[in-house]
Structures are given as structure tokens and as C-alpha cells.
Amino acid sequence: MKEKLKNIKKEKLFGILVLLFALTAPLFITKAYNVHLLVLCAIYVGLATSMNLILGYTGLFTLCHAAFFGMGAYTTAILVGKFGLPIWTGFVCSGFIAALFGLLIAWPSLRLRGDYLAIVTLGFGQIVRLIELNEQWLTNGAMGITAIPKPKWFGQSFGKVQFYYLALVIALLIIFIVYRIAHTRIGRALIAIREDDRAAMAIGINVRSYKMLAFGVGCFTAGLMGSVYAHYISFVAPDQYTFQISVNIFIMVVLGGMGTTMGPVIGACLLTLLPEVLRFIGDWRMLIYGLLLVVCMIFRPQGIMGSFQIGGTSIWTTIRRRIERGKHSRKGVE
């Protein structure tokens, strides 16, 4: 119990340090491209955290998060760019539209589990992408929708720094929502469903309703981030919300640590910045990137931040134990 409390204190301290860095980052990171990377980090932190509610806390293996991200972007592009509605109206509608379609797909498919649910959500993601690509009267097809207006502050359009703080505020709001859900009776019910949904049903938990709730909240927050992204780049097209984006978000959650607060934050920042850090090695960049992911999954299967909440050990302790285990096994053979 003392060790668990100690780990929680470490996580809170680490979270405060990360928050302080995030709030002050634009003060010493001034190059336009680096600020652009900060904006992407904030957006993917929100997306990974929303995915963490579905995957990490509830245990629903879905592969269509990019579809709801794209729905939010296209909703705001159509409402604001085509019909001229206020930006903040389009922003709120983006979340509700994504949540609505998320609940529609969740209602029939959440009876499935594991690989079968993943296949259904994968198919749904491809359907959404084909609609974005072929329904030209609504989405303008492969050409996408351009000239999406940017929000204004005292008559001045948002720049990169303003968009960073906007994305950061929304990402912090998503983290707060997921954290509060996870530390309430609802969160305990979701974790029970993740561990064994049949046992949860046997003790009186309405499994279907709780799964719908997690899916709806996760899709709503993904739609909000899609709206921010659409206004940031002022352009949406089908090739921005592909299956690969869903896989990237999934990896961010697993690599950072499923069912943790800071895990998706670290995973999103790492997977967004690491390819840029390794850009100097040219064609070897993605090879090294993939190798680092494999090594991390071998030595930290619970994720980078998994130890803080599920009682894991440090990577060095894991390496030492594996070496000692290898020595004992060799002695046994001799």
C-alpha cells in the first residue's frame, strides 16, 4: 500500500513538471516548425487520452479512432467553411456529431469482443473514409475542403502559438475528464469490464451501458480535436484520416501505458517527436524508430508509465532480472 501511494505521488509530481513545461514551452521554443510540432503534440495528446478511455480503461480494441477525428474535422469544415456558421458552434457540433456516429456504431458492435470488435471498427473506419472520398457534394472528394477560417482573438487570427495554447487547453480538459471518470464509481465499473465483462455483468454492472458511455465520451473528445486540427491547417482531405492514423494513436496508448493518466501523454509526445529527432539519419530513421518501439515493448510490455499505477518495475530492474534469469537457466542446463 505504501509503495502504491509512493508511486501515485511520483506520477502527480511528474505530471506537474510536464504541465509546467507545456505552459512555458513557447517562451523558449520559438522556431515556427518547432512550434508546429508542439501543436501536433497537444492534438495527439488529446486523441491518445480519448483513446485511452476506450482501450486502456474499458478494454475495447477499436481501430477507427481516426474516423471520429476526421468526422470532427469535416463537420467544422462544412458548417463553418461552407455554411458560414460561427467557429465555436462548429467546434461544439464536431464533438456531438462524432459522438452520435460513435454511439450508432457502438450499439450493434459492442456485443463483440477482442479481434471481432477490431475488425468491425476497422471496417467502419474504411467506410467513413470512402464516404469522405466519394461524396463530392458534401466533402468535395479527394480535393478536400479549403479556406477553413481560423479563430480570431481581438480581431487577430490565431497564429501557431495561439493554436498551441488552444489545443493544450482542450487536451488538458480531456485529460481532466478521463481522470475524473477513471477515479469514480464509473471508472471502477469500466476497469471491472476490462478485466472480465462476464464477471462484471454477474455482479450487476450494466456492461452495455458503460461501454456505450466510454465509447461516446472518447468519440466526442476525438471530434473536438478534429475541429481544432481543421482550423489549424485550414484544409481537410480524406488522406489525412487514414487507418495509419488510428494505428499511430493505438500505439501511443500502448507504448505510454494503458489505463494510466500520463501514459498517453508521454506516448503521444514521443511518437510525434521521435521521427523528427531521428530525421538527421535519413533513410535509417524509420528503422531505428521501429527498433526502439520493439525494444520498449520487450522490456516494458506494460508501457513506459505503466509502473506508476500498476506496480511495475523500472526498465533497469527488468533488464537485471532478465539477465539473472538467463544465468540461472544456463546453470540449470550445465
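Conventions used here
Residues numbered from 1 in each chain as written. Predicted model: local features only at pLDDT ≥ 70, side-chain atom pairs only at ≥ 80, totals over all residues. Heavy atoms only, no water. Helix = DSSP H or I, 4+ residues; strand = E, 2+ residues; numbered from the N terminus. Contact = heavy atoms within 4.5 Å. Phe/Tyr/Trp six-rings, centres within 6.5 Å; stacked < 30°, edge-to-face > 60°. Buried < 20%, exposed > 50% of the residue type's maximum accessible area, 1.4 Å probe, protein only. Lys NZ or Arg CZ within 6 Å of the ring centre and 35° of its normal. Salt bridge = Lys/Arg side-chain N within 4 Å of Asp/Glu carboxyl O. Expected span 1.5 Å × (residues − 1). Core = buried A, V, L, I, M, F, W, Y, C linked by side-chain atoms within 4.5 Å. Disulfide = S-S within 2.5 Å.

*Asks:* Would you take a moment to explain the environment of Tyr232 for this structure?
*Replies:* Mapped onto the elements of the fold, Tyr232 is located in helix α10 (residues 207-233). Expressed as a C-alpha distance, the spacing of Tyr232 and Leu40, which sit 192 residues apart in the sequence, is 9.9 Å. Tyr232 has contacts with His36, Val39, Lys150, Lys160 and Phe163, leaving out every residue within four places of it along the chain.

*Asks:* What should I look at first to understand the packing of aromatic side chains in this one?
*Replies:* Describing an aromatic ring pair means giving the distance of the ring centres and the angle of the ring planes. All told, the structure shown has 13 aromatic pairs when counted by the stated rule. Here Phe158 and Phe163 contribute two aromatic rings whose centre-to-centre distance is 5.6 Å and whose plane-to-plane angle is 75°, an arrangement assigned as edge-to-face. By the burial criterion, Phe158 is buried, and Phe163 matches it. Feature note: the residues Phe69, Tyr74, Tyr229 and Tyr241 constitute an aromatic cluster, connected by ring pairs. We note Arg208 situated over the ring of Trp107; from NZ or CZ to the ring centre the distance is 4.1 Å.

*Asks:* It is not clear to me how the pattern of salt bridges should be interpreted in this structure. Could you clarify?
*Replies:* Oppositely charged side chains can form a pair if their charged atoms are brought close together. Applying the stated criterion across every chain yields a total of two salt bridges. Two residues, Glu195 and Arg194, come together in a salt bridge whose shortest N-O distance is 2.9 Å. Residue Glu195 is classed as exposed on the basis of its relative accessible area of 56%.

*Asks:* I keep staring at helix α7 (residues 160-182) and nothing clicks. Help me out?
*Replies:* For α7, which comprises 23 residues, the first-to-last C-alpha distance of 32 Å matches the rise-based estimate of 33 Å (1.5 Å per residue) to within 8%. For α7, the set of buried residues is Phe163, Tyr164, Leu166, Ala167, Leu168, Ile170, Ala171, Ile174, Ile175, Val178, Ile181 and Ala182.

*Asks:* How do you make sense of the environment of Asp196 when you look at a structure like this?
*Replies:* Inspection of the secondary structure assignment puts Asp196 in the loop between α8 (185-195) and α9 (197-202). Expressed as a C-alpha distance, the spacing of Asp196 and Gly59, which sit 137 residues apart in the sequence, is 9.5 Å.

*Asks:* How should I be thinking about the nonpolar core in this particular structure?
*Replies:* Inside soluble globular proteins, nonpolar side chains tend to come together where they are buried. Counting 88 residues, the largest nonpolar core has Phe68 and Val236 as the members making the most contacts within it. If you tally residues by element for this core, the top one is helix α2 (residues 32-57), at 14 residues.

*Asks:* When you look at the state of the cysteines in this model, what are you seeing that I'm missing?
*Replies:* Where two cysteines share a covalent bond between their sulfur atoms, that bond is called a disulfide. Applying the stated criterion across every chain, the model contains zero disulfides. Cys219 carries a free sulfur, and the closest cysteine sulfur to it, the one in Cys64, is 6.5 Å from it. With no disulfide of its own, Cys269 has Cys41 as its nearest cysteine by sulfur position, at a separation of 4.5 Å.

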